[in-house]
Amino acid sequence: MNNKSKFRLQVRALNRNRLYMLAWLCACLAGCAAPLPPQPVSARRTPAPASQPSRPMVAQVPTPAATETQQPLPTGAVAPSAQSAPALPDKATQLRTWVDQQARLYRVAAPLLINNTELCPRHARNLLGFTAKNRYSYSEAFADTAQAALQLNDRLRVMNVLPGSGAEQAGLQRGDTLTAVEIEPLPQGPDAERASASIIASELKGRANVGLTVMRNGDRTTLDIPLTSACAMVIDLGNADFAASLADGQRILITRGMLDQTPSDQELAYVIAQEMARNILAQQALPDVAALIDRLNTLDTQTADASIAASIAPISAEAGMQARKLALYLLARAGYGTEGAPAFWQQMGNPPVADVDLPVLMETIGTIRAKQQLNAAILPD
């Protein structure tokens, strides 16, 4: 084979190798361009840009597939949420919270009720100084819960002891079960609270001390309780989430919403003192307010609608000012501060304190302070 023929064979072989290489490269490129199999959603992670600030994670409603037909929501309807609404408290929690809130009311009101008999002559009475309830003291919806969660039964059990009262001095304790006053057995069952109050009231007449028999830890004990003179105003808790306080001439009601708005006992004292003053100054009973208190003062599964707040008639500015000036004296005599009261009533009052009335309240506070410094009787002039 001559040199020219060898050269031609070498060129053919080289061209053939180039074709094989080109075909292999095409196959690789085709494989790289093929779509990858879909990954699970949890495996997909898109890193945020380094400059993007971190944000809290928010649950989102899954987006329907593009092929699905989306029906418009009816007017006023809300799209379903990926997370369910928070569960309401169970009955046991509701009842325990109610009892604790009522105990707070009683504790904060105690010095106001005990130290102001000179200023509430129409309401001053001799008291033992405690509250007691049984399972029937609550609404029918909570009677069984009261038995299970609070261990209440047909007999009355002490729920609160008024701080500073004769009952506290004699050693009466929360949880004591009442069995008799003097030699009179106390009733049991659905009407026990009302009937026992009537019996105890009759036994208080003409006495300075009363014997009260209780069961405590399985033992029967008789306590000799000295009577306490106090402003006999019932302080009720209202089953409503709006902030309001009411006085019907004899009773006071503070809503659960108002308790939430008064986290400090000092602020709550401002509210109670104002309603006490309104009761002291009331010239007659207020049946409309009394009916509203009756409607709100019972724990039930349904919270009172906020529209009820609109039915609470506002107090006139003049009556409001008179009540607040007297309330400052009630607060001072009970050992509570007075300086923060005007600003509080300006924010939470019904009606709010007007700017032009602030100097009058500040002058009253100055007069009270001067009497305290002179150890003079803290009484309105």
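Every chain is numbered independently, its residues counted from 1 as its sequence is written. Thresholds applied to this predicted model are a pLDDT of at least 70 for local features of residues and 80 or more for the giving and counting of side-chain atom pairs; totals over whole chains, interfaces and linings are not thresholded and use all residues. Water and hydrogen atoms were dropped before computing side-chain values, which therefore reflect all heavy atoms in the structure.

Student: Please set out the confidence of the model for the protein residue by residue, giving values where relevant.
Tutor: By definition, pLDDT measures how confident the predictor is in each residue, and it falls between 0 and 100. Of all residues in the protein, 77% have pLDDT values of 70 or greater, and the mean over the chain is 82. Every residue in residues 13–85 scores below 50 in pLDDT, and together they form 9 contacts with partners more than four places removed in sequence or on other chains. Contacts are assigned to residue pairs that have any heavy atoms within 4.5 Å of one another.

Student: Describe in detail the packing of helix H7 (residues 265–281) against helix H9 (residues 317–333), supporting the description with residues and values.
Tutor: Contact geometry for H7 and H9: axes closest at 8 Å, N-to-C directions at 120°. Here the hand of the crossing between H7 and H9 comes out right-handed. Facing H7, whose interface residues are Ala269, Tyr270, Ala273, Gln274, Met276, Ala277, Arg278, Ile280 and Leu281, H9 presents Gln322, Ala323, Arg324, Leu326, Ala327, Leu330 and Leu331. For this classification, the nonpolar set comprises Ala, Val, Leu, Ile, Met, Phe, Trp, Tyr, Cys and Pro, the charged set comprises Asp, Glu, Lys and Arg, and every other residue, Gly included, is treated as polar. Of the residues contributing to the contact of H7 with H9, the split by class is 12 nonpolar, 2 polar and 2 charged. The angle between two axes is taken between their N-to-C directions and runs from 0 to 180 degrees, where each axis is a line fitted to C-alpha atoms and a helix contributes only its stretch in contact. Counting from the N terminus, the helices are the DSSP runs of H or I reaching at least four residues and the strands are the DSSP runs of E reaching at least two. A crossing counts as left-handed when the near helix is turned anticlockwise from the far one by less than a right angle, and as right-handed when that turn is clockwise.

Student: Would you mind going over the sheet that holds strand S10 (residues 245–247) in detail, with residue names and values included?
Tutor: Here the rule is simple: two strands pair whenever DSSP picks up at least two bridges between them. Read from one edge to the other, the open sheet built from 3 strands follows the order S9-S11-S10, with strand pairing classed as mixed. Each of the sheet's edge strands pairs with one partner strand only, and the pair in question is strand S9 (234–238) and S10. Each strand of the sheet is rotated relative to its neighbour by a mean of 20°, with strand direction disregarded. Pairing of S9 with strand S11 (residues 251–255), which is carried by 5 bridges, proceeds in the parallel orientation. Looking at S11, one finds that Leu237 is bridged to Ile254. Helix H2 (residues 91–114) contacts S9 and S11 of the sheet and is inclined by roughly 150° relative to S9. This element, H7, spans S10 and S11 of the sheet and lies at about 150° to S11.

Student: Summarise the environment of Ala354; cite the residues concerned and give the values.
Tutor: Take Ala354: it is sitting in the loop between helix H10 (341–348) and helix H11 (358–373). Separated by 37 residues in sequence, Ala354 and Ala317 place their C-alpha atoms 8.7 Å apart.

Student: Give me the lowdown on H11, citing residues and values where you can.
Tutor: Between the first and last C-alpha of H11 there are 23 Å, a value that for 16 residues agrees with the 22 Å anticipated at 1.5 Å per step. Listed as buried for H11 are Leu361, Thr364, Ile365, Ile368 and Lys371. Looking straight down H11, one finds that the buried residues subtend no more than 120° of arc, so they occupy a single side. Among the exposed residues of H11, those oriented more than 90 degrees off its buried face are Pro359, Glu363 and Gln373. Asn375 occupies a position one or two residues after H11 and carries a positive phi of about 55°. A helix is expected to reach a length of 1.5 Å times the quantity of its residues less one. In this scheme, a residue with accessible area under 20% of its type's maximum is buried, one over 50% is exposed, and one in between is partly exposed, where area comes from a 1.4 Å probe on protein chains only. The arc under discussion is defined with respect to the helix axis, by the directions toward the C-beta atoms.

Student: Talk me through the state of the cysteines; I want residue IDs and the actual numbers.
Tutor: Working definition: a disulfide is two cysteine sulfur atoms within 2.5 Å of each other. Tallied over the entire structure, the rule returns 1 disulfide. The disulfide that involves Cys120 links it to Cys231, with 2.0 Å between the sulfurs. Sign of the S-S torsion, about -95° for the bond between Cys120 and Cys231, identifies this disulfide as left-handed. Residue Cys120 is located in the loop between H2 and strand S1 (124–127), and its partner Cys231 is located in strand S8 (residues 228–231); the two are separated by 111 residues in the primary sequence. The class of Cys120 is buried, set by a relative accessible area of 1%.

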